[in-house]
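Below are the chains, spelled out letter by letter.
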Amino acid sequence: MSAAAFPKVVLFDLDGTLLDSAPDMLATVNRMRAARGQGPMALEALRPHVSRGSRAMSSVAFPELGGEVPAALVREFLDTYAQELGRHGGLFDGVPALLEAIEAAGSRWGIVTNKPEALARQVLPGLGWDARCAVLVGGDTLPERKPHPLPLLHAAQQLGVAAAECAYVGDDARDIEAARAAGMPALVALWGYRLPDEEPAAWGGDVLVQAPRDLLRWPLPLQTAP
Ligand SMILES: O=C(O)COP(=O)(O)O
Ligand SMILES: [Mg+2]
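Note that this is a predicted model, so its numbers are computed, not measured.

> I would appreciate a short explanation of the UniProt feature "active site" (unreviewed entry) in the protein in the present structure.
The residues that UniProt annotates with the feature "active site" (unreviewed entry) are Asp13. Tracing the chain through its elements places Asp13 in the loop between strand S1 (9-12) and strand S2 (19-20). Judged by C-beta crowding, with 27 C-beta atoms within 10 Å, Asp13 ranks as buried. In this view, Asp13 contacts Val112, Thr113, Val169, Gly170, Asp171 and Asp175; residues no more than four positions away in its chain are not counted.

Here you go:
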C-alpha cells in the first residue's frame, strides 16, 4: 500500500473518535446511582449520549430529574469520572495504527475536545501520548467551545499552520459544524456516539468514515459540501 498523504495536521475529537469513553462513563454513572440505592444502567442506554458532555450524561443517568440537572450533580459526575477515567475503556480499533501512520508521513496530530482540558490531559500519559499529541484544546481552554470554530482555529494557530492545512475528525454534529466554520475539511467518525435517529449524512461533513483504518487511505474522496 502506498503511503497515505495526510494533511499537515489531523485534529481529532476525543470521546467517540479516538477514545471509547463509554465504559468509563458507565462506571461513573453506576457509581453515582449505586450511592443513591439505584440499580446499574446498561451500556446501550448511555452510549449514544457520551459525546454530549457531563450535563447530558447526568441527565440520562437520572431521568427522574426531567432534564433539570443541578450544578452539584454535574460536579459530582466530573469528580467521579476523573477517578474512573482510563480504567475501563480504551482506544477504538485502528486508532494506534492511524496515529503512527500520520507521524510516519511527517504530519502531526492533536486533540480538540469539549471535555474539560484537565480531564483530557489526564488520559495522555497512560496512552504514551504526552510527547506525541502536538496540541490539545479542551472545552474550557478558551471562551468558546465547539460548535464554535475558535478551538479549532486556536489549535491550528498553536501549530503555525493555516486552518485549510488541517482536517478535523469528529463523531458529533457540533464537531462538523465547528470544522466547517473554521474552514477545515470535516470528517464524520461513524464509529462514535449518536442517537439512532441522528443522520450524520445531513451534518454537512466532507466525508463519512466507517472506521479509523479507512483514514489510512488518505487522501479520501473529499467533496466540498454544498
Ligand atoms: O466530554 C465531552 O463533553 C465531549 O467530548 P468530545 O468533544 O471529545 O466528544
Ligand atoms: Mg465526540
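Still to come is the rest of the account.
> What is the right way to look at the domain arrangement of the protein in this model?
Reports often express the size of an interface as the amount of accessible area lost when the parts come together. What the domain assignment reports for the protein is domain 1 (9-21 + 90-217) and domain 2 (22-84). Centre-to-centre separation of domain 1 and domain 2, based on C-alpha positions: 24 Å. Counting residues at the interface gives 14 residues for domain 1 and 13 residues for domain 2. Considering only residue class, the side of domain 1 that touches domain 2 consists of 4 nonpolar, 5 polar and 5 charged.

Conventions and cut-offs
- Residues numbered from 1 in each chain as written.
- Chains lettered and ligands numbered in written order.
- Predicted model: local features only at pLDDT ≥ 70, side-chain atom pairs only at ≥ 80, totals over all residues.
- UniProt positions renumbered as here; feature names shortened; annotations may be inferred.
- Helix = DSSP H or I, 4+ residues; strand = E, 2+ residues; numbered from the N terminus.
- Buried ≥ 20, exposed ≤ 12 C-beta atoms within 10 Å, placed from the backbone.
- Contact = placed C-beta atoms within 7 Å.
- Domains from an automatic or database assignment.
- Nonpolar A, V, L, I, M, F, W, Y, C, P; charged D, E, K, R; others polar.

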